[in-house]
Amino acid sequence: MAEANESRIFPDHLFMVGCGNMAGQMLSRWLACGLDPARVTVLRPSGRPVADGVTVVTDYPDALPPGTTVLLGMKPYQIDDVAAALGPRCSPDTRLASILAGTTLATLRAHFPHVRAIVRAMPNLPVGLGEGVTALFTDERTDVEAKAAVDALIQPLGLAEWIDDEALFNRITALSGCGPAFLFRFVDALARAGEAIGIPAEQAARMALATVQGSANMAAEAAVSPAALADQVASPGGMTREGLNVLDADQRLLALLTDTLAAARNRGEAMARGA
Ligand SMILES: NC(=O)c1ccc[n+]([C@@H]2O[C@H](COP(=O)([O-])OP(=O)(O)OC[C@H]3O[C@@H](n4cnc5c(N)ncnc54)[C@H](OP(=O)(O)O)[C@@H]3O)[C@@H](O)[C@H]2O)c1
């Protein structure tokens, strides 16, 4: 039974080009969810081992086994060299997923002209815990079956959302891709603010993190939106309301986060132009 489930989720063979911070998190989650390591080959120049049973190579094999899904997980600027070596080893039935930031589907199609199924994915780091966010995009050359197969592969990583407009990628990257760093900053600021009003620093740090974690879990389970939850827990004249009034004044928290995301988005657009 477990085997049947596993074979519905995972490809017959997974060939990963690069397995660093991001692709490594994805692989560790897949292995934790039952992917057979014997079905995985990782190409990485260092040849460093990845996980028990996973084959690591430093050069391309002569051919990819039938039923291979390729995950491109190296740096975006390496696409020319990787495609020159990998392209001839792909068959029309090879499925290709790319997590290369800023590398458009058109660029991928130009590099792998005879591969039919190509999907762009933008994951974030909590995918390693199965609590990530991954945006997905493809075009009509990827058939329904291939699209479903990539979707099934991404599902164990957390929330997976297909987008219709590729231009959204950069904006989504600003939100969910960069979001973990913004949240880390928020947790740290909450802790330091606690310290500023007289809570011992280490205790404030522990409590700030646990508060954010518990509140995020609570919001995820709640029947109402986070905006409504905030009002529900703030009685008129109470402490929470007084604090919210500060965050809400002139929509300062919203303005701060809008500026933050816009700056990240703008940087992504500049990088895509080669700036
Ligand atoms: N980090 C994130 O939060 C994040 C989020 C979304 C998307 N991405 C995308 O994920 C990709 C990888 O980012 P990362 O942060 O994981 O980088 P990374 O940790 O530096 O990993 C890069 C990987 O590429 C391998 N590599 C280097 N040169 C190669 C070559 N010529 N051919 C094949 N593989 C090669 C490296 O091999 P060794 O292991 O042997 O050094 C390493 O495994 C990027 O395209 C990025 O846009 C990253």
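Residues numbered from 1 in each chain as written. Predicted model: local features only at pLDDT ≥ 70, side-chain atom pairs only at ≥ 80, totals over all residues. Heavy atoms only, no water.

K.L.:
Is there a simple way to explain the overall build of the protein in this structure?
P.N.:
Helix and strand content of the protein: 11 helices and 8 strands. In terms of overall dimensions, the protein has a C-alpha envelope of 70 × 45 × 35 Å along the principal axes. Contacts in the protein between residues at least 24 apart in sequence constitute 60% of all its contacts with a sequence separation of at least 6. (Helix = DSSP H or I, 4+ residues; strand = E, 2+ residues; numbered from the N terminus. Contact = heavy atoms within 4.5 Å.)

K.L.:
What exactly am I supposed to notice about the pattern of salt bridges here?
P.N.:
Close approach of charged atoms lets side chains of opposite charge pair. Summed over all chains, the structure comprises 6 salt bridges. Two residues, Glu145 and Arg95, come together in a salt bridge whose shortest N-O distance is 3.8 Å. Of the two residues, Glu145 sits in helix α5 (residues 144–154) while Arg95 sits in strand β5 (residues 95–98), which places them 50 residues apart along the sequence. You can call Glu145 exposed: its relative accessible area is 57%. Its relative accessible area of 22% is what places Arg95 among the partly exposed residues. The residue Arg109 makes a salt bridge to Asp139 at a minimum N-O spacing of 2.7 Å. Residue Arg109 is found in helix α4 (residues 105–111), and its partner Asp139 is found in the loop between β7 (132–137) and α5; the two are separated by 30 residues along the sequence. Residue Arg109 is classed as buried on the basis of its relative accessible area, which comes to 12%. (Salt bridge = Lys/Arg side-chain N within 4 Å of Asp/Glu carboxyl O. Buried < 20%, exposed > 50% of the residue type's maximum accessible area, 1.4 Å probe, protein only.)

K.L.:
Is there a simple way to think about the domain arrangement of the protein in this case?
P.N.:
Interface extent is often summarised as the accessible area lost during association of the parts. According to the domain assignment, the protein consists of domain 1 (2–172) and domain 2 (179–272). Its C-alpha centre places domain 1 at a distance of 33 Å from the equivalent point of domain 2. Carbon and sulfur atoms make up 61% of the area that domain 1 and domain 2 hide from each other, which totals about 340 Å². Broken down residue by residue, the surface that domain 1 buries against domain 2 is led by Asn124, Asn170 and Arg171, which jointly contribute 81%. Counting every contact that joins domain 1 to domain 2 gives 0 salt bridges. The tally of links from domain 1 across to domain 2 stands at 1 residue pair in polar contact (both at pLDDT 80 or more). Among the residues making up the side of domain 1 that touches domain 2, the classes are represented as 1 nonpolar, 2 polar and 1 charged. (Domains from an automatic or database assignment. Buried area = accessible area lost by both parts, 1.4 Å probe. Polar contact = N/O pair within 3.5 Å; in protein donor to acceptor, adjacent residues only side chain to side chain. Nonpolar A, V, L, I, M, F, W, Y, C, P; charged D, E, K, R; others polar.)

K.L.:
Looking at this structure, I do not really get the UniProt feature "domain: Pyrroline-5-carboxylate reductase dimerisation" (unreviewed entry) in the protein. What am I missing?
P.N.:
Mapped onto this numbering, the UniProt entry gives "domain: Pyrroline-5-carboxylate reductase dimerisation" (unreviewed entry) at residues 166–270. Regarding residues 166–270, the helix share stands at 81% and the strand share at 0%, and the terminal C-alpha atoms are separated by 16 Å. (UniProt positions renumbered as here; feature names shortened; annotations may be inferred.)

K.L.:
Please explain helix α11 (residues 252–272) as it appears in this structure.
P.N.:
Since one α-helical turn is 3.6 residues long, residues separated by three or four positions face the same way. With 21 residues, α11 ought to run about 30 Å at 1.5 Å a step, and its terminal C-alpha atoms sit 30 Å apart, in line with that. The complete set of buried residues in α11 reads Ala264, Gly268 and Ala270. Lining the buried residues of α11 we find α6 (168–177) and α7 (179–196). Where α11 terminates, the next one or two residues include Gly274, which has phi positive at roughly 85°. (Expected span 1.5 Å × (residues − 1).)

K.L.:
Would you explain the sheet that holds strand β4 (residues 68–72) in this entry?
P.N.:
Note: strands within a sheet are paired through backbone hydrogen bonds, in either parallel or antiparallel orientation. The 8 strands are arranged β3-β2-β1-β4-β5-β6-β7-β8 in an open sheet whose pairing can be described as mixed. This sheet does not close on itself; its edge strands, each paired only once, are β3 (55–57) and β8 (158–162). Each neighbouring strand pair of the sheet contributes to a mean axis angle of 20°, computed without reference to strand direction. Sheet topology note: the β4/β5 ladder contains 4 bridges and is parallel. Residue Thr69 lies in a different strand from β5, and its bridge partner there is Arg95. (Pairing = 2+ DSSP bridges. Axes fitted to C-alpha atoms, helices over the stretch in contact; angles between N-to-C directions.)

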